[in-house]
Amino acid sequence: MSNTVKVKDIIIGEGIPKVCVPMVGRNLTQLKEEGDMLKNIDFDVVEWRADFFQDVEDTQKVIEALHSIREIFPTIPLLFTFRSAREGGEKEVTNSYYFSLIKEVVESNEVDLIDVELFLEEQHVKEIISIAHQQNVFVILSNHDFNKTPSKEEMISRLIRAQELGADILKIAVMPNSTKDVLTLLEATEEMYTKHATQPIITMAMGDKGVISRLSGEVFGSAMTFGAAKNASAPGQLNVADLKHILNLLHRSS
């Protein structure tokens, strides 16, 4: 059974999977418009996907944008993510800049959680986790495969590795090429949750075939799911209002 993580007033790993909404504006004006729209929507965590931001290679502008987002959502947990192009993101930067950016964000006191990619250099991953924990920032250690679904054993191995490195939340997202792949992802989720996890886990199969995996977290053990308010940040994301409604129905039926 996994432990829970409490971020502000949200307990991740308990009850209904928490709903995270990504912000994908390309400039500060778009981000503010997106934020104003989100004020009227029910969700649990807001994620800034900074790889969509046109000035992401200017650290000062990133921190200024973060401050603006925090002003819009002072009480909602804020997750900062730069998703690299190799893992399905919008942009590629050097590893040195990636870690420099993450470090600046962690030390800005503007975020509650950060996403760090599992397959980056281990020494730097450990360093970022250590710095984040010193600043009371939680770390989601993530891995994304946009081409295929690895074996059940491989997915469990990656989640265990993230846990061993000291992540607070473990995440894997894969692309199913068949319905059997979706079942494999769900099997891996259930086995990780019941046999190995000491931390909350987030798993999903992407695309149309994988939609069920975004809804069934409470059954199989995934603690968070991602829903789109305006534009999706990954294939298969449902509208956040529909997602919340379905999750609540499933919770009442369980």
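Note that this is a predicted model, so its numbers are computed, not measured. (Residues numbered from 1 in each chain as written. Predicted model: local features only at pLDDT ≥ 70, side-chain atom pairs only at ≥ 80, totals over all residues. Heavy atoms only, no water.)

### Some points on the overall build of the chain
Here is step 1: On a plain count of helices and strands, the chain comes out with nine helices and 11 strands.
Here is step 2: Taking 254 residues into account, the globule formula puts the C-alpha radius of gyration at 18 Å, and the chain, at 17 Å, falls close to it.
Here is step 3: Viewed in the frame of its principal axes, the chain has a C-alpha envelope of about 45 × 40 × 30 Å.
Here is step 4: A buried classification covers 56% of the 254 residues belonging to the chain.
Here is step 5: Sequence-distant contacts, at least 24 apart, represent 73% of the contacts inside the chain between residues at least 6 apart.
Here is step 6: Carbon and sulfur atoms make up 47% of the accessible area of the chain, which amounts to about 11,000 Å² in all.
Here is step 7: Across the chain, the mean location of the 26 positive side-chain charges is 2 Å away from that of the 38 negative side-chain charges. (Helix = DSSP H or I, 4+ residues; strand = E, 2+ residues; numbered from the N terminus. Rg over C-alpha atoms; globule rule 2.2 N^0.38 Å. Buried < 20%, exposed > 50% of the residue type's maximum accessible area, 1.4 Å probe, protein only. Contact = heavy atoms within 4.5 Å. Areas by Shrake-Rupley, 256 points an atom, 1.4 Å probe, with all protein chains shown as cover. Lys, Arg positive; Asp, Glu negative; His and termini not counted. Charge placed at Lys NZ, Arg CZ, Asp CG, Glu CD.)

### What about unusual backbone geometry?
Here is step 1: In this structure, Asn-109 takes a positive phi of about 65° despite not being glycine.
Here is step 2: By the secondary structure assignment, Asn-109 is in the loop between helix H3 (95-106) and strand E6 (113-117).
Here is step 3: By relative accessible area, which is 59% here, Asn-109 ends up exposed.
Here is step 4: Phi at Asn-136 is positive, roughly 60°, even though this residue is not glycine.

### Looking at the packing of helix H2 (residues 59-72) against H3
Here is step 1: The geometry of H2 relative to H3 is characterised by a closest axis approach of 10 Å and an angle of 35° between their N-to-C directions. Two packed elements cross with a definite hand, and for H2 against H3 that hand is right-handed. Contacts from Thr-59, Val-62, Ile-63 and Leu-66 in H2 reach Tyr-97, Leu-101, Glu-104 and Val-105 in H3. (Axes fitted to C-alpha atoms, helices over the stretch in contact; angles between N-to-C directions. Left-handed = near helix turned anticlockwise from the far one by under 90°.)

### Here's the deal with empty space enclosed by the protein
Here is step 1: Throughout the structure, instances matching the rule amount to two cavities of 30 Å³ or more.
Here is step 2: The calculated volume of the second largest cavity comes to roughly 40 Å³.
Here is step 3: If you go around the second largest cavity, the residues you meet are Pro-17, Thr-203, Met-204, Ser-213, Arg-214, Gly-217, Ser-222, Met-224 and Thr-225.
Here is step 4: Secondary structure elements with two or more residues in the lining of the second largest cavity: strand E9 (201-205), helix H7 (211-215) and strand E10 (224-228).
Here is step 5: Split by residue class, the lining of the second largest cavity holds three nonpolar, five polar and one charged. (1 Å grid on protein atoms, 1.4 Å probe; cavity = no way out; pocket = protein on both sides within 12 Å on 5 of 7 lines; lining within 4 Å. Points joined across faces, edges and corners; volume = space filled by probe spheres on them. Nonpolar A, V, L, I, M, F, W, Y, C, P; charged D, E, K, R; others polar.)

### A word on the packing of helix H1 (residues 28-38) against H2
Here is step 1: Interaxial distance between H1 and H2 falls to 10 Å at its minimum, and their mutual angle equals 15°. Relative to H2, the element H1 is oriented roughly parallel. Considering the relative orientation of H1 and H2, their crossing is right-handed. Counted together, Leu-28, Leu-31, Lys-32 and Gly-35 of H1 and Ala-65, Ser-68, Ile-69 and Ile-72 of H2 form the full contact between these two elements.
Here is step 2: Its residues assigned to classes, the contact of H1 with H2 comprises five nonpolar, two polar and one charged. (Parallel < 35°, antiparallel > 145°, perpendicular 65-115°, else oblique.)

### Overview of the UniProt feature "binding site: 3-dehydroquinate" (unreviewed entry) in the chain
Here is step 1: UniProt feature "binding site: 3-dehydroquinate" (unreviewed entry): in the numbering of this structure it lies at Glu-47, Trp-48, Arg-49, Arg-83, Arg-214, Ser-233 and Gln-237. Residues from the annotated list that form part of the lining of the second largest cavity: Arg-214.
Here is step 2: The residue Arg-49 is located in strand E4 (residues 45-49) in this model.
Here is step 3: With a relative accessible area of 4%, Arg-49 lands in the buried category. (UniProt positions renumbered as here; feature names shortened; annotations may be inferred.)

### What to know about the sheet that holds E6
Here is step 1: Read across the sheet, nine strands follow the order E9-E8-E7-E6-E5-E4-E3-E10-E11 without closing on themselves; strand pairing throughout is parallel. Both outer strands of the open sheet, E9 and strand E11 (238-239), are each paired with one neighbouring strand and no more.
Here is step 2: Pairing between strand E5 (residues 78-81) and E6: two bridges, direction parallel. Each residue of the ladder has a partner; that of Leu-79, found in E6, is Leu-113.
Here is step 3: Sheet strands in contact with H1 are strand E3 (18-23) and E4, and its direction is about 150° off that of E3. (Pairing = 2+ DSSP bridges.)

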